[in-house]
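# Inside the fold
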Protein chains: 2
Amino acid sequence: MKKINGGVCAPIGFRANGVHCGIRKNKNKRDLSLIVSDVRCAAACVYTQNLVKGAPIAVTKRHVADGFAQAIVCNSGNANTCNADGEQIAEGMCALVEREVGIPAADVVVASTGVIGQPLSLEPIEGGMPALAEGLSEDGSLFAAQGIMTTDTVDKQIAYSFTVGGRECRIGAIGKGVGMINPNMATMLIFITTDAAITPAMLQRALSADVKDSFNMVSVDGDTSTNDMVCVLANGMAENAVIDAPGKEFNCFRKALNKVTTALCRRIAKDGEGATKLLECKVSGAKSKAVARTVAKSVIKSSLFKAAMFGSDANWGRVLCAIGYAGADVDVSKVCVDFKSRAGVVSVCRGGSGIPFSEEEAKKVLSEDEIEVLIALGDGNGKATAWGCDLTYEYVKINGDYRT
Amino acid sequence: MKKINGGVCAPIGFRANGVHCGIRKNKNKRDLSLIVSDVRCAAACVYTQNLVKGAPIAVTKRHVADGFAQAIVCNSGNANTCNADGEQIAEGMCALVEREVGIPAADVVVASTGVIGQPLSLEPIEGGMPALAEGLSEDGSLFAAQGIMTTDTVDKQIAYSFTVGGRECRIGAIGKGVGMINPNMATMLIFITTDAAITPAMLQRALSADVKDSFNMVSVDGDTSTNDMVCVLANGMAENAVIDAPGKEFNCFRKALNKVTTALCRRIAKDGEGATKLLECKVSGAKSKAVARTVAKSVIKSSLFKAAMFGSDANWGRVLCAIGYAGADVDVSKVCVDFKSRAGVVSVCRGGSGIPFSEEEAKKVLSEDEIEVLIALGDGNGKATAWGCDLTYEYVKINGDYRT
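Reference entry: report on the structure contained in this document.

Criteria and thresholds
Residues numbered from 1 in each chain as written. Chains lettered and ligands numbered in written order. Predicted model: local features only at pLDDT ≥ 70, side-chain atom pairs only at ≥ 80, totals over all residues. Heavy atoms only, no water. Core = buried A, V, L, I, M, F, W, Y, C linked by side-chain atoms within 4.5 Å. Buried < 20%, exposed > 50% of the residue type's maximum accessible area, 1.4 Å probe, protein only. Helix = DSSP H or I, 4+ residues; strand = E, 2+ residues; numbered from the N terminus. Contact = heavy atoms within 4.5 Å. Buried area = accessible area lost by both parts, 1.4 Å probe. Salt bridge = Lys/Arg side-chain N within 4 Å of Asp/Glu carboxyl O. Nonpolar A, V, L, I, M, F, W, Y, C, P; charged D, E, K, R; others polar. Least-squares fit on C-alpha atoms with pLDDT ≥ 70 in both. Pairing = 2+ DSSP bridges. Axes fitted to C-alpha atoms, helices over the stretch in contact; angles between N-to-C directions.

Here the focus is the nonpolar core. B:Ile171, B:Phe253, B:Val319, B:Phe339, B:Ile375 and B:Leu377 are the most contacted members of the largest nonpolar core, which totals 82 residues. Broken down by element, the residue count for this core peaks at 10 residues, all from helix α6 (residues 248-270) of chain B. When neighbours within four sequence positions are excluded, B:Ile375 is seen to be in contact with B:Cys281, B:Lys282, B:Val283, B:Ser284, B:Val299, B:Val319, B:Ile323, B:Val335 and B:Cys336. Formed by 81 residues, the second largest nonpolar core is a distinct cluster that contains A:Val46, A:Phe162, A:Ala238 and A:Ala314.

With that settled, consider helix α8 (residues 303-310) of chain B. Residues and elements named next belong to chain B. Of all the eight residues making up α8, seven are buried; the element is thus mostly covered by neighbouring parts of the structure. Of the residues making up α8, those classed as buried are Ser303, Leu304, Phe305, Lys306, Ala307, Ala308 and Met309. Where α8 ends, the next residue or the one after it, Ser312, has phi of about 50 degrees, a positive value.

Listed by partner, the interface residues are 53 residues for chain B and 53 residues for chain A. For the pairing of chain B and chain A, the buried interface totals around 4200 Å² over both sides, and the portion due to carbon and sulfur atoms is 57%. Summed over the shared surface of chain B and chain A, the number is zero salt bridges. When residues of the side of chain B that touches chain A are traced back to their parent elements, those giving at least two are α8, α9 (317-324), β13 (353-354) and α11 (393-400) of chain B. With six residues, α11(B) is the largest single contributor of residues to the side of chain B that touches chain A. Taken together, the residues of the side of chain B that touches chain A sort by class into 24 nonpolar, 20 polar and nine charged.

Mapping chain B onto chain A is achieved by rotating through 180 degrees and translating by 0.0 Å along the same axis, at an RMSD of 0.0 Å. Taken together, the rotation and translation describe the operation of a two-fold axis. For chain B, the smallest separation between a C-alpha atom and the rotation axis is recorded for B:Tyr393, amounting to 2.5 Å. Here 100% of the interface residues in chain B have copies in chain A that are interface residues too; the copies meet face to matching face.

What follows is about the sheet that holds strand β14 (residues 370-376) of chain A. Residues and elements named next belong to chain A. Strand order in this open sheet of six strands is β13-β12-β11-β14-β10-β15, and the pairing throughout is mixed. A strand with exactly one partner marks an edge of an open sheet, and here the two such strands are β13 (353-354) and β15 (382-389). Across seven bridges, the pairing between strand β10 (residues 278-286) and β15 is antiparallel. What sits directly across from Ala286, in β15, is Gly382. Contacts from helix α6 (residues 248-270) reach β10, β14 and β15 within the one sheet, and its direction differs from that of β15 by about 40 degrees.

On to unusual backbone geometry. Residue and element names in this part refer to chain B. Unlike most non-glycine residues, Cys82 shows phi in positive territory, near 60 degrees. With respect to the secondary-structure elements, Cys82 resides in the loop between β4 (68-76) and α2 (86-101). Given the relative accessible area of 11%, Cys82 is considered buried. The phi torsion at Glu239 lies on the positive side, around 60 degrees, for a residue other than glycine. On the secondary structure map, Glu239 appears in the loop between β9 (229-234) and α6. What makes Glu239 exposed here is its relative accessible area of 59%.

Dropping the structure here:
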């Protein structure tokens, strides 16, 4: 597997673009993105489990019900959620893609991200669509990545090449976070493209399995958004033998998919609202995989632990505390905790009790911008990793007045 | 029912005190408290559900297993949790009470609050105990309240008089928050005294029922502490006919208990770490009481909602979002939301969709220091209230470096 350039346009046959159409006031901020494939694609999606769902989710579900799609349109600046005319507007966005690009509206995946409960007007989208379509190109992934950003401070794209049955294939993605991110089915907006040939059923199977250990294990603030969606389009233009069953080829594809999703998890966590540090919680020795996941998520979500990491404070009692209230089957008298970073490793807890450690050494380890919290439960073979970030003044500032 | 002075010493036959014994470095901060009754009391407790439990909780459970106790000793500055010798130290604290006050160690309730995982030495406690016992008085509730404070900015005590079967009784309490507070069985430390006569079984029944709608409905940061405990001692010195069964007298007692617990819920939430505002989420029209509780707690816990309230930002989409991910049976198309305070009421959502409102008016309403979020689910008769506070820079500051 090799890291390559190009994001969602790295796979053969995909073009993308992003423009400022006027949903956002800031003219320097792109707010409308489009990704299209030359041919129809197998499509798979996972969605937020929030009962309050953005209108675009309902429309997308209908459009991919047959397992196929050919384009993705997404705006930022407005979530098109809790609006009486939401679905009509979302359908309107797809119709505009059909008009300008010629791809049937029913093959368009639509997404929106931004403020909830403010009416979304089609007018700026209609105005921006000709330029958006006109500018579609194989170099357009960056613009598309920029067009879906909300409070993200950096664009997020990634691509890998990999081999399936002797054929070289490519997989690429763009994504956006970075607040209201919590492990609950899909989180955030992630658009993945690949030129591998795979059936819709196997694509969905790969994605549904993958998110359990990738996007479901990321938490920025414990809130599950109304608009989260992960969508994969596979256009088959790499011309490998179609993956239509489990086996070696399917596993190759899953591995490539996981490479992309894991990289995005780390980037989204690290760019969490106001974050100064990426936190990676690695749990091992759990009674089961499920226990390991529950414990890792509980620790990564704890406000007190997150604030301590912001302060580079080795307050491991908060790790134990979060393990204890996780609601998982854990023998707390066996728990061991280490903090690890580029600067070294410091062991702070053995068998559920504190052990002496150098505060100076701990401060050095925790002052890095990527921290691993290693939790050994001593109770089995279950393992899991969760990603998150520290809780900072800046998070409060961003969210104290998000709408203005 | 009448509000009276005296906190835990308002009921007949209770004395209290609090001193600085040296667990904390700051000599102006009391760190050891004692409450005693002239006679043995019926005792009832509820405890944290965290698997990681402070050693004092294990010891207290043993001491009240017979339904009786006569004293409460509590230190701040150290949680005596995740220490290999924790239970021995907690038993040692009770033995010191026996030595100085003459109440059998097995009748002493013991509690600790502060940093987790740092060894607690008996030395300062032994040194401070004579003065603590010596100074016990009917005016000592304030000192006792101060001795259990951690990051609390104000002491918390309250007392009411009430009538049971024609006899005047009294009930009083001290409590402390204010971080690591989450609705999960007991939360925070609360010590309640009463001179009403009631059997241990009925006292436990009253307390267990009460916490479901009081302390279990408070959230400051979503973390459930390892040391939370609510304890009630009833010494019977008001000489009412012993309450030993459900009925009118029991209901009078429950009402008085709820008056005390609800007042403390509001104070603890309002004094939440870094808080500038008390948030009160009142849910009505739920399919069931359980649904109402789940929804109220989900909203009051949302970091995004809490940060918006800090900024006086009427971002009601975050209320809808938190209702949606609560995991409760709610028809989101029926949800109505209003914000209310001393300054007025502003309606922001009807039938799951936004309605026009004056941003200026909303800002005025949300700039008060006590905000009510009124959620009508339009789906039944279930009601619940949850208490919380806004998320502020100060919360991050306090918790970024709690241990130093």
